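Tertiary structure, described
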Amino acid sequence: ERVVYTADQDTNDQSETYSAPLDGSSPAVKPNAPGQPASPVAISPDSSRVVLQGGVILLQSAPIDGTTGPIVLEDLSFTARELRDAAISPDSSRVAYRTGYTPCSGSCFFYETLRSVPLDGSASPVRLDEVGGQLGTIETWRPHTPFAFSADSWRVVFRWGESEQLGLYSAPSDGSEPAL
């Protein structure tokens, strides 16, 4: 068993992510890439991987024991998105996450999407928020809109809709079919 923590431990004024065995049998390791600070976002249920947010908007996955460096699951900077929150499937195979962006300065409106990608980076990210042929758009999502994996990791359940017409939907976690 390991603990994951963030500390200003090696480099002055720079917090980094560390992983250490609970029994203290070996020193702490950094699952993030050297010289690239990253914050922990989620730990897989099987405790084998940690999902990291590198820089401002880089979604990464790394072995919790630091045996290899992180892999980039999605570089959100190409779409000027922010990582809002993430959840790892019960079988530790995928991470679902909300991304968002405000396309203007100030408080005009907010776009948000729900996406999913394998933790091992074996496939590209997919959008899960397609409902009735429409993707999430302006005011479709509310901040902190909850989503969750089904117990068998096959589906992601989420709210979708505008204002008074919010509905509860579910989509295959691999994005293979539109949401129902």
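The structure contained in this document is the topic of the report that follows. Every chain's residues receive numbers from 1 upward, in the order its sequence appears when written. Owing to the predicted nature of the model, reporting of local features is limited to residues with pLDDT of at least 70; listing and counting of side-chain atom pairs is limited to 80 or more, with chain, interface and lining totals taken over all residues. With hydrogens and water set aside, each side-chain value is computed from the structure's full complement of heavy atoms.

Looking at the pattern of salt bridges
Salt bridges are defined by distance alone: a side-chain nitrogen of Lys or Arg within 4 Å of a carboxyl oxygen of Asp or Glu. Summed over the entire model, instances satisfying the criterion amount to four salt bridges. Of the charged contacts in the structure, one is a salt bridge between Lys 30 and Glu 16, with a shortest N-O distance of 3.2 Å. Taken together, the residues span a long stretch of sequence, with Lys 30 in the loop between strand 2 (14–21) and strand 3 (38–43) and Glu 16 in strand 2 at a distance of 14 residues. With a closest N to O distance of 2.9 Å, Asp 85 and Arg 98 form a salt bridge. Of this pair, Asp 85 sits in strand 7 (residues 82–88) while Arg 98 sits in strand 8 (residues 94–101), and the two are 13 residues apart along the sequence. Think of it in three bands: residues with accessible area under 20% of the maximum for their type are buried, residues over 50% are exposed, and the middle band is partly exposed, with areas taken using a 1.4 Å probe on protein chains only. Under the relative-accessibility criterion, Arg 98 is labelled buried at 2%. Note on conventions: DSSP H or I runs of at least 4 residues are helices, E runs of at least 2 residues are strands, and numbering of each starts at the N terminus.

Description of the sheet that holds strand 6 (residues 71–75)
Here, a strand pair is defined by DSSP locating no fewer than two bridges between the strands. Ordered in space as 3-4-5-6, the four strands form an open sheet in which the pairing is antiparallel. In this open sheet, the two edge strands, each paired with only one partner strand, are strand 3 and strand 6. Between one strand and the next, the sheet's axes are offset by a mean angle of 30 degrees, whatever the strand orientation. Think of each axis as a best-fit line through the C-alpha atoms, taken over the contacting stretch in the case of a helix, with angles from 0 to 180 degrees between the N-to-C directions.

Focus on the pairing of strand 4 (residues 49–54)
Burial analysis of strand 4 places five of its six residues in the buried class, the great majority of the element. Here strand 3 pairs with strand 4 via five bridges, running antiparallel. In the strand pairing of strand 4, Ser 39 is matched with Gln 53. Hairpin connection, strand 3 to strand 4: the antiparallel pair is bridged by five residues, and Ser 47 has positive phi, about 60 degrees. Relative to strand 5 (residues 58–63), strand 4 runs antiparallel, the two being bridged by six bridges. Looking across to strand 5, one finds that Gln 53 is bridged to Leu 59.

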